[in-house]
Amino acid sequence: MKIIRIIMASLIIFSTVFTLTFGYKKIGEEKLKDPKEFKGIITIWQIDGFEGGSGSRKQFLLSVSRDFEKQNEGTLVMVINHTFTSAEENISKGIYPDIISYSNGLDIKKMSPINTSRCVGGGKVGEKVYATAWCRGGYVLIKNLDLEGKDETPLIVSKGQNTQPILAMMLEGLEFENIEVLSPMDAYTKFTLGKNAFMLGTQRDVVRLTNRGGNFSAIPLTNFNDLYQYVSLTASDTNKSIIAKRFIDYLLSDKVQERLNKINMLSPYKNVSFDIENLNLMQNSRGFSTISAFNTKEVLSEMHSMSMLAIKGDKNAIKYVKNLLI
C-alpha cells in the first residue's frame with residue numbers, strides 16, 4: 001500500500017507541474033481550434049510610409065477584412081489609419097493594436113514572431129520573422145521620350161520620408177552629373193513640366209503618367225528595394241493573437257495577393273497581372289537587396305546622407321551603406 005501511495009503521489013505531482021509549466025499553454029490553444037469560437041474585434045493600424053499605386057491600402061485591408069469576417073463568424077476587423085507620429089505616440093503610452101501595417105521607420109516596442117514561409121529578409125531578426133511584407137512597390141527610372149537628345153538635364157529623384165532611392169540608384173550603377181531630390185508630389189509635378197528627361201520614381205509615378213497619357217519609358221530597378229508594406233503581430237491577448245495570425249495568413253494567401261492589382265501594388269510573392277505593362281515589368285523583378293524593417297528614423301536619415309556621398313564615390317560611405325544591406 002505504501003508503494004501505491006508513493007506512485008499516486010508522484011503522478012499527482014507530475015500532473016500538477018505539467019499543467020503549470022506546459023499544459024496551460026495547450027489549453028489556451030485548444031480554445032481556438034475552431035476560429036468560429038472567437039467573438040470579438042481585431043484592430044489593425046494602417047500607416048502609409050510611401051506612396052501606393054492607386055486607391056487606398058486601408059480600403060484594400062477593409063475589403064480583405066470583410067471576406068475574413070465571413071469566414072470567421074463572430075470576428076470583426078477594424079482598420080484604423082495612423083501616421084508615424086500618431087502611432088508612436090500611442091506606442092509610447094503602451095497602446096497597441098493587434099496588427100500593425102507599416103513600412104520602414106516605425107519604432108515598435110513589442111512584436112511576436114510570425115510563423116510563415118512568406119517573408120522578405122528585412123522582416124527577420126536572426127531566423128525569426130517579426131514583420132512580413134503583404135505588398136510592395138518598386139523603384140523605376142522614367143524617361144520623357146519627348147526630350148530625346150536632352151539626357152544632360154538633371155535627374156529628378158522622388159524621395160519619401162524614410163525611403164532610400166539614392167541607395168537604389170547607387171546599387172543600380174546609375175550615373176548622373178546632377179540630381180535633384182524632391183518629395184514625391186513635387187518630383188512628379190516638376191517632371192511633368194517637361195524640362196527634365198529623367199526621373200527616379202516609383203509605381204505611383206508610373207500609374208500617374210499612364211493615366212495622364214504621357215510619352216515615357218520606364219526601366220525597373222532590380223538590385224534594391226525598400227518599398228515594402230509590412231505587417232507585425234502586436235496582440236497581447238492570447239486568443240486575439242491566434243486569430244490575428246490567421247488574418248495575416250489570409251492576407252498573404254494567393255487569393256488575396258492576386259487582388260493587389262486593384263490598387264496597383266505589387267506582390268512580394270506572386271506574379272500579379274496588371275493592365276499597365278510597366279507594372280508587369282516591375283512585378284517580374286525579383287531578388288532585391290533590402291534593409292531591415294526595424295531601422296530607426298535616425299538611421300534611415302543617416303543612410304540617405306551617406307548614400308548621397310556614396311554616389312559621388314566616397315569609399316567610406318559606400319562601405320557604410322553596403323554593410324546595412326540584407
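Reference entry: report on the structure contained in this document. These numbers were taken from a predicted model, which means no experiment stands behind them.

### Topic: the packing of helix 2 (residues 57-71) against helix 7 (residues 238-252)
For any two helices packed against each other, one specifies the crossing angle of their axes together with the interaxial distance.
And step 1. The contact between helix 2 and helix 7 brings their axes to 11 Å, and the two run at 120 degrees. Between helix 2 and helix 7 lies a crossing whose hand is right-handed. The segment helix 2 lies against helix 7, with Phe60, Leu61, Val64, Ser65, Asp67, Phe68 and Gln71 engaging Ile243, Arg246, Phe247, Tyr250 and Leu251.
And step 2. Each residue belonging to the contact of helix 2 with helix 7 can be placed in one class, and the counts come to eight nonpolar, two polar and two charged.

### Topic: helix 3 (residues 84-92)
And step 1. Along helix 3, the positions that sit buried rather than exposed are Phe84, Ser86, Ala87, Glu88, Asn90 and Ile91.
And step 2. Those residues of helix 3 that are buried are in contact with strand 1 (40-47), strand 2 (75-82), strand 3 (99-102) and helix 10 (297-310).

### Topic: the side chain of arginine 259
And step 1. With respect to the helices, strands and loops of the structure, arginine 259 is situated in the loop between helix 8 (254-257) and helix 9 (277-283).
And step 2. A polar contact is formed between the side chain of arginine 259 and the side chain of aspartate 67, at a distance of 2.9 Å.
And step 3. Leaving out residues up to four positions away in the same chain, arginine 259 has contacts with Phe60, Ser63, Val64, Asp67 and Tyr250.

### What to know about the pattern of salt bridges
Opposite charge on two side chains lets them pair, provided their charged atoms get close.
And step 1. By the definition in use, this model includes 14 salt bridges.
And step 2. For aspartate 48, the salt bridge is made with arginine 57, and the minimal N-O distance between the two is 3.5 Å.
And step 3. Given a relative accessible area of 44%, aspartate 48 falls into the partly exposed group.
And step 4. When its relative accessible area of 5% is taken as the criterion, arginine 57 is described as buried.
And step 5. Residues aspartate 254 and lysine 270 are paired through a salt bridge, measuring 3.8 Å at the closest nitrogen-oxygen approach. Here aspartate 254, found in helix 8, pairs with lysine 270, found in the loop between helix 8 and helix 9; they are 16 residues apart in sequence, far enough to count as distant.

### Quick word on empty space enclosed by the protein
And step 1. With the rule as written, the count across this model stands at one cavity of 30 Å³ or more.
And step 2. The computed volume of the largest cavity comes to approximately 30 Å³.
And step 3. Contributing to the lining of the largest cavity are Gly49, Phe50, Ser103, Asn104, Asn162, Thr163 and Asp226.
And step 4. Of the residues that constitute the lining of the largest cavity, the class distribution is one nonpolar, five polar and one charged.

Reading guide: rules and limits
- Residues numbered from 1 in each chain as written.
- Predicted model: local features only at pLDDT ≥ 70, side-chain atom pairs only at ≥ 80, totals over all residues.
- Heavy atoms only, no water.
- Axes fitted to C-alpha atoms, helices over the stretch in contact; angles between N-to-C directions.
- Helix = DSSP H or I, 4+ residues; strand = E, 2+ residues; numbered from the N terminus.
- Left-handed = near helix turned anticlockwise from the far one by under 90°.
- Contact = heavy atoms within 4.5 Å.
- Nonpolar A, V, L, I, M, F, W, Y, C, P; charged D, E, K, R; others polar.
- Buried < 20%, exposed > 50% of the residue type's maximum accessible area, 1.4 Å probe, protein only.
- Polar contact = N/O pair within 3.5 Å; in protein donor to acceptor, adjacent residues only side chain to side chain.
- Salt bridge = Lys/Arg side-chain N within 4 Å of Asp/Glu carboxyl O.
- 1 Å grid on protein atoms, 1.4 Å probe; cavity = no way out; pocket = protein on both sides within 12 Å on 5 of 7 lines; lining within 4 Å.
- Points joined across faces, edges and corners; volume = space filled by probe spheres on them.

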